[in-house]
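# A closer look at the structure
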Amino acid sequence: QVQLVESGGGLVQAGVSLTLSCTDSGRTFSGNNYGWFRQAPGKERELVAAIGRVRTLTYYADSVKGRFTISRDNAKNTVYLQMNSLKPEDTAVYYCAADQPPGRWPPTSVRDYDYWGQGTQVTVSS
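Note that the structure is a prediction, hence the values are computed from the model and not measured.

### Thoughts on a nonpolar patch on the surface
Judged by side-chain polarity, V54, L57, Y59 and W105 come together as a nonpolar surface patch covering roughly 340 Å² of accessible area. Residue placement: W105 occurs in the loop between β9 (92–99) and β10 (115–116).

### Things to note about the nonpolar core
Formed by 27 residues in total, the largest nonpolar core has its most connected members in W36, L81, M83 and Y94. For this core, the elements supplying multiple residues, two or more each, are β3 (18–24), β4 (33–39), β5 (46–51), β7 (68–73), β8 (78–83), β9 and β11 (120–125). For this core, the element with the highest residue contribution is β9, accounting for four residues. Listed in part, the six residues of the second largest apolar core include F37, L47, A50 and Y113.

### A short note on the sheet that holds β8
Within the open sheet, the four strands sit side by side as β1-β3-β8-β7. Their pairing is antiparallel. The open sheet is flanked by β1 (4–7) and β7, the only strands paired with a single partner. Along the sheet, successive strands turn relative to each other by an average axial angle of 15 degrees, direction set aside. Bridge analysis of β7 against β8 gives six bridges, and the strand direction is antiparallel.

### Here's the deal with the environment of W36
As for its placement among the helices and strands, W36 is situated in strand β4. A relative accessible area of 0% means that W36 is categorised as buried.

### A short note on the pairing of β4
Of all seven residues in β4, six are buried, a share of seventy percent or more. Note: β4 against β9, seven bridges, orientation antiparallel. What sits directly across from F37, in β9, is Y95. As paired strands, β4 and β5 are joined by five bridges and run antiparallel to one another. Following the sheet pairing, Y34 is matched in β5 by I51.

### Here's the deal with unusual backbone geometry
Across the junction of Q100 and P101, the peptide omega takes the value -5 degrees, indicating a cis bond. Note that P101 resides in the loop between β9 and β10. A cis geometry characterises the amide bond from W105 onward to P106, with omega recorded as -5 degrees. With respect to the helices and strands, the residue P106 is situated in the loop between β9 and β10.

Definitions and cut-offs
- Residues numbered from 1 in each chain as written.
- Predicted model: local features only at pLDDT ≥ 70, side-chain atom pairs only at ≥ 80, totals over all residues.
- Heavy atoms only, no water.
- Patch = residues over 30% accessible without salt bridge, like charges linked within 9 Å, V, L, I, M, F, W, Y side chains within 5 Å.
- Areas by Shrake-Rupley, 256 points an atom, 1.4 Å probe, with all protein chains shown as cover.
- Salt bridge = Lys/Arg side-chain N within 4 Å of Asp/Glu carboxyl O.
- Helix = DSSP H or I, 4+ residues; strand = E, 2+ residues; numbered from the N terminus.
- Core = buried A, V, L, I, M, F, W, Y, C linked by side-chain atoms within 4.5 Å.
- Buried < 20%, exposed > 50% of the residue type's maximum accessible area, 1.4 Å probe, protein only.
- Pairing = 2+ DSSP bridges.
- Axes fitted to C-alpha atoms, helices over the stretch in contact; angles between N-to-C directions.

Rendered as structure tokens:
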């Protein structure tokens, strides 16, 4: 059973960095794809970044390319989202999701994912 727990959100000023973590308590971590999504009030949930079973396989939304980095540590069953140069428009609830077993690449749709964390709020003030 996959259970995802996110941490690391908070209230920050524009321009600073923040790192989110997502820990998977299941036993299939190394075989899964993972994604970070975000959802702002009144907007649809959108993919921010995804990482494949091979950690060098990554995908980024255009809006975060060059600012955000997704990574994984298979020894710790943890996926990270490092967010640099944060902007007010990055404000949202951020969700970690697991694609297990992994399907297509890149898994850009919410329908590609089977398990979700509870979300962590990121608020960027101007």
